[in-house]
Amino acid sequence: MAAQERIVASVVVPFDYTYNYRVGPYLERYIQELGVKKIMAVKCEGCGNVVVPPRKICGECKRVMDEWVEVGPAGTVENYTVGHVTLNKGLAEPADPPVMLALIKLDGATSLLAGEVRRTEPAELKNGLRVKAIFADPAENNLSDLDHFEPAG
Amino acid sequence: MDRKVAIVGQAQTKHSEDTGMPRERMLFELVKGLFGQFGMTRHDIDTFVLCSNDFETGRTISNVFEDTPVGAYMKDETKVEADGAWAVMYAATRILSGIYDTALVVANSLGGSEFRPYLIMDYQLNPTYDRQLALINEPSAAAFQARSYMDKYGMTDAYLDMIAARLLRNAARNPNALRAKADATPEYVAGSEYLYEPLRKLHCYPFTDGACVLLLASGEKAKDLTDSPIWIKGLGDSIESYYLGERELFRSPSARLAAERAYKMAGISDPKGQIDVAEVSAKFTHQEPIICEALGLFPEGSGGEVAEKGLSEIDGDMPVCPSGGALGAYPFSAAGAIRVAECFRQLTGSAGEAQVANAGTAVAHGQDGFCAQHNAVIVLTVEEG
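Residues numbered from 1 in each chain as written. Chains lettered and ligands numbered in written order. Predicted model: local features only at pLDDT ≥ 70, side-chain atom pairs only at ≥ 80, totals over all residues. Heavy atoms only, no water.

Engineer: Help me understand the sheet that holds strand 10 (residues 361-368) of chain B, please; the structure alone is not making it clear to me.
Structural biologist: By way of backbone hydrogen bonds, the strands of a sheet pair with one another, either parallel or antiparallel. All names here are of chain B. The 9 strands lie next to each other as 3-2-4-7-1-8-11-10-9, forming an open sheet whose pairing is mixed. Looking along the sheet, the strands with just one partner apiece sit at the ends: strand 3 (77-80) and strand 9 (277-279). Each strand axis lies, on average, 25 degrees off the axis of its neighbour in the sheet, ignoring direction. As defined by bridge partners, strand 2 (residues 47-51) adjoins strand 3 across 4 bridges and the pair is classed as parallel. Residue phenylalanine 48 lies in a different strand from strand 3, and its bridge partner there is glutamate 77. (Pairing = 2+ DSSP bridges. Helix = DSSP H or I, 4+ residues; strand = E, 2+ residues; numbered from the N terminus. Axes fitted to C-alpha atoms, helices over the stretch in contact; angles between N-to-C directions.)

Below, the structure written as structure tokens:
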């Protein structure tokens, strides 16, 4: 490539933009209730599934779900991972300390909710661990009002 | 079906972390090479099916600047945004429609050098919930799926390492693989760092630049073009729920449905007995047993036993990914097309050191979405039938 030596190998093209998404009435109510430290789910009158975060149509039997029920704030870890990286715009960066993530079955729910678990050690994070939701205080009226989970009791 | 469709040729790049050239040049060279094999020009192609990702290329309608280098300008041309397996399905159904006799599939990604595949996946997340919270990303979701399978069936990390080591050894027999190690051992895999437990770096697909081209033709045309067409006998696809918290991650009902549809079309009633080799898109090591089980190649929950007994080795009962699969290279949009191309290489006896003896029927699989939410299955045979 001596005759065609590269002058510019690549150019960096940033792409910055903002979308305004409507969350819809179900997620809107969910966020409002988080602000008063309540986790609300919807129940399907057909199959009995209790789904959180709430949405309108039951994935199981396709019925409209409109019965609102409070679930949690305690629940049980049903799946977990210890993250040794976090992703920053798709780039893996070391996480120190590691991040503990879990899929949690809140008391009264049938679906699993993803959450971060704090105030325990990675070795203690196991299926069956009882955890409770910790809410942001004061509330900020967004999804992060359910801030994280900690071991219960 | 009255009409028939076959694959008559394939070409792939040498997959890499950085192809070192613009996407357009990569595609031009690759397509020119395939046309050269057949003494064709772009005017011999009735329909072009391109496959690339708008978000990855940073352009709405990613194929706009690909049409020219592949010769699709002023021709019948269309594009698939999902994985390349769907581009193959689309091209096959266009030929089966009776309107076209030849189709060129061109699938590519610069996920190694141009853009980050994990960010592409971030933008598949529900924007009003999961993307807001940033708890779920591609590797963390995959880690949950791995845990689900391993807990359900009592599989240990050591078996994950065995599967990954086998794939890295297979990749060493594939001249196009990006990541390969001829003497890979489970210990070598276990020595790589964790991303999200239990997944280590060598359990996960490498970020890859690469492309794959496939030439498809209708029955008579295929026989004009080659003495050894490989027949597409079955196609199936299926998608399941997006919501990880409502899925049984230890199995893949959508891959099972996709396989059932493809098998029914192909007359496969006993996949274990009738299929000689499989190429599955397992982006993360634990997905190989989940997908193979959904495809009926092994019993449910047998991932550990299959690894221990070497049943999926190139000379095993049911060779899986003799190419090294997604662990050897995973150019995002092209990956499923590459699985089909690797089946083509096997069935034409041109797979070199990775050749499975007497391969007559193969199954290729492609996926898209979180934890393989969307699955495609394609059955290929040597016999016209």
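The structure having been displayed, the exposition proceeds.
Engineer: Looking at this structure, how should I read empty space enclosed by the protein?
Structural biologist: The probe, sized like a water molecule, is rolled over the atoms to show the empty space still left. Residue and element names in this part refer to chain B. Across all of its chains, the model carries 4 cavities of 30 Å³ or more by this definition. Size it by volume and the largest cavity reaches roughly 80 Å³. Lining the largest cavity we find Ile163, Arg166, Glu288, Pro289, Cys292, Glu293, Phe298, Ser302, Gly303, Val306, Ala307 and Ser312. Elements represented by at least two residues in the lining of the largest cavity include exactly helix 8 (157-171), helix 13 (287-294) and helix 14 (303-309). No other element matches the 4 residues that helix 13 contributes to the lining of the largest cavity. Across the lining of the largest cavity, the residue classes break down as 6 nonpolar, 3 polar and 3 charged. In this structure, the second largest cavity occupies an estimated 60 Å³ of space. In terms of lining, the second largest cavity is formed by Gln12, His15, Asn174, Ala177, Ser323, Gly325, Gly328, Ala329, Pro331, Ile338, Arg339 and Glu342. Breaking the lining of the second largest cavity down by element, the ones donating at least two residues are helix 15 (325-328) and helix 16 (335-347). Residue contributions to the lining of the second largest cavity peak at 3 residues, all from helix 16. (1 Å grid on protein atoms, 1.4 Å probe; cavity = no way out; pocket = protein on both sides within 12 Å on 5 of 7 lines; lining within 4 Å. Points joined across faces, edges and corners; volume = space filled by probe spheres on them. Nonpolar A, V, L, I, M, F, W, Y, C, P; charged D, E, K, R; others polar.)

Engineer: Is there a simple way to explain the interface of chain B and chain A in this structure?
Structural biologist: When the parts of a complex come together, some accessible area is lost, and that lost area is often used as the size of the interface. With 30 residues of chain B in contact, the opposing surface of chain A contributes 35 residues. Carbon and sulfur atoms make up 63% of the surface buried where chain B meets chain A, a total of about 2900 Å² over both sides. Of all residues in chain B, the largest losses of buried area upon contact with chain A belong to Tyr129, Leu135 and Phe144 of chain B, amounting jointly to 22% of the total for that side. Summed over the shared surface of chain B and chain A, the number is 1 salt bridge. Across the pair glutamate 246 of chain B and arginine 55 of chain A runs a salt bridge, and its minimum N-O distance is 2.5 Å. Summed over the shared surface of chain B and chain A, the result is 12 residue pairs in polar contact (both at pLDDT 80 or more). Elements that contribute at least two residues to the side of chain B that touches chain A include exactly helix 5 (117-122), helix 6 (130-133), helix 7 (138-153) and strand 5 (194-196) of chain B. At 7 residues, the largest contribution of residues to the side of chain B that touches chain A is made by helix 7 of chain B. Of the residues in the side of chain B that touches chain A, the class split is 16 nonpolar, 7 polar and 7 charged. (Contact = heavy atoms within 4.5 Å. Buried area = accessible area lost by both parts, 1.4 Å probe. Salt bridge = Lys/Arg side-chain N within 4 Å of Asp/Glu carboxyl O. Polar contact = N/O pair within 3.5 Å; in protein donor to acceptor, adjacent residues only side chain to side chain.)

Engineer: Hey, could you run me through unusual backbone geometry in this one?
Structural biologist: Residue valine 52 of chain A is joined to proline 53 of chain A through a cis peptide bond whose omega torsion reads 0 degrees. As for its position among the elements, proline 53 of chain A is in the loop between strand 2 (50-51) and strand 3 (67-71). With an omega dihedral of 5 degrees, the bond running from glutamate 197 of chain B to proline 198 of chain B counts as a cis peptide bond. Considering the arrangement of structural elements, one finds proline 198 of chain B in the loop between strand 5 and strand 6 (199-200). A positive phi angle, near 50 degrees, is found at cysteine 321 of chain B, a position not held by glycine. Phi is positive for alanine 372 of chain B, close to 50 degrees, though the residue is something other than glycine. Structurally, alanine 372 of chain B is set in the loop between strand 10 and strand 11 (374-381). When its relative accessible area of 3% is taken as the criterion, alanine 372 of chain B is described as buried. (Buried < 20%, exposed > 50% of the residue type's maximum accessible area, 1.4 Å probe, protein only.)

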